[in-house]
Amino acid sequence: MTQQQCSVLIIDDAYTVREYLRQTLMHLGISQVHEASSGNKGLSVFNQHQHDLVFLDIELPDINGQQLLQQIKTQADKTHVVMVTAHNSVDNVQQSIAAGASGFIAKPFSPLKIKNIVERCLAAKLN
């Protein structure tokens, strides 16, 4: 799978974070990018498109990101989910990885960090 074939979903209540991620992904050659501002909207969009990679905020207005991670992994265990948070704690990281997250990034993050995560997830999809 190439980056052009990769489908990404961004679930974050902060417009600026979604826009930053979308722009970064577009610069990486990923054109199939969907966004949602809440967990329920994100789950609905995910059910329609079954994305290869999901960037998921832990703190959403309507549902805990950890719970949403479990729902996504139950429906599509091959989907890579990267947890995004402004509150980088050991507990958050451990809970995310235990629930099946492929990665964890703390805000603010750089385009290079996003590039590395996308490349790692795509490489894992090929294996």
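Check the entry above for the structure.
Criteria and cut-off values
- Residues numbered from 1 in each chain as written.
- Predicted model: local features only at pLDDT ≥ 70, side-chain atom pairs only at ≥ 80, totals over all residues.
- Heavy atoms only, no water.
- Helix = DSSP H or I, 4+ residues; strand = E, 2+ residues; numbered from the N terminus.
- Buried < 20%, exposed > 50% of the residue type's maximum accessible area, 1.4 Å probe, protein only.
- Contact = heavy atoms within 4.5 Å.
- Areas by Shrake-Rupley, 256 points an atom, 1.4 Å probe, with all protein chains shown as cover.
- Lys, Arg positive; Asp, Glu negative; His and termini not counted.
- Charge placed at Lys NZ, Arg CZ, Asp CG, Glu CD.
- Salt bridge = Lys/Arg side-chain N within 4 Å of Asp/Glu carboxyl O.
- Disulfide = S-S within 2.5 Å.
- Polar contact = N/O pair within 3.5 Å; in protein donor to acceptor, adjacent residues only side chain to side chain.
- Phe/Tyr/Trp six-rings, centres within 6.5 Å; stacked < 30°, edge-to-face > 60°.

> Tell me what's going on with the overall build of the protein, and back it up with residues and numbers.
Within the protein, the secondary structure is distributed over five helices and five strands. The order of α-helices and β-strands along the protein, N terminus first, is β-α-β-α-β-α-β-α-β-α. If you line up the protein on its principal axes, its C-alpha atoms span 30 × 30 × 25 Å. Evaluated residue by residue, the protein yields a buried proportion of 48% over its 127 residues. Sequence-distant contacts, at least 24 apart, represent 67% of the contacts inside the protein between residues at least 6 apart. When the accessible surface of the protein is totalled, it reaches about 6300 Å², and 51% of it is carbon and sulfur. Placing the 10 positive and 11 negative side-chain charges of the protein at their respective mean positions leaves the two points 6 Å apart.

> How would you summarise unusual backbone geometry if you had to cite specific residues and measurements?
Note that the residue after Lys107, namely Pro108, is joined by a cis bond; omega there is -5°. The residue Pro108 is located in the loop between strand 5 (103-106) and helix 5 (111-126) in this model. We note that Gln50 has phi near 45°; this positive angle belongs to a residue other than glycine.

> Could you give me a rundown of the pattern of salt bridges, with the residues and numbers involved?
Evaluated as defined, the whole model comprises six salt bridges. Among the ionic pairs, Asp12 bridges to Lys107, the shortest N-O distance being 3.2 Å. Of this pair, Asp12 sits in the loop between strand 1 (7-11) and helix 1 (15-27) while Lys107 sits in the loop between strand 5 and helix 5, placing them 95 residues apart in sequence. Accessibility expressed as a relative area gives 23% for Lys107, which makes it partly exposed. Between Glu35 and Arg22 there is a salt bridge, with its nearest N and O atoms 3.3 Å apart. Taken together, the residues span a long stretch of sequence, with Glu35 in strand 2 (residues 32-36) and Arg22 in helix 1 at a distance of 13 residues.

> Before we move on, could you go through the environment of Asn64 and cite the residues and values that matter?
Its place among the elements puts Asn64 in the loop between strand 3 (53-57) and helix 3 (65-75). For Asn64, a relative accessible area of 36% corresponds to the partly exposed category. On a C-alpha basis, the gap between Asn64 and Gly39 in space is 7.8 Å, while along the polypeptide they are 25 residues apart.

> Break down the state of the cysteines for me, with residues and values.
One pass over the structure, following the stated rule, counts zero disulfides. Free of any disulfide, Cys6 has its nearest neighbouring cysteine sulfur in Cys121, separated by 8.2 Å. Given a relative accessible area of 2%, Cys6 falls into the buried group.

> Help me get a handle on the side chain of Arg18, residues and values and all.
With respect to the helices and strands, the residue Arg18 is situated in helix 1. Using a relative accessible area of 11% as the deciding quantity, one classes Arg18 as buried. Among the polar contacts listed, one links the side chain of Arg18 to the side chain of Glu35, at a separation of 3.3 Å. Once residues lying within four places of it in the same chain are set aside, the contact partners of Arg18 are Ile10, Asp12, Asp13, Glu35, Ala36 and Ser37.

> An account of the packing of aromatic side chains is requested, with residue identities and associated values reported.
Scanning the model with the defined rule gives one aromatic pair in all. The interplanar angle of 55° and the centroid separation of 5.8 Å between the aromatic rings of Tyr20 and Phe109 together place this pair among those described as tilted. Residue Tyr20 is located in helix 1, and its partner Phe109 is located in the loop between strand 5 and helix 5; the two are separated by 89 residues in the primary sequence.

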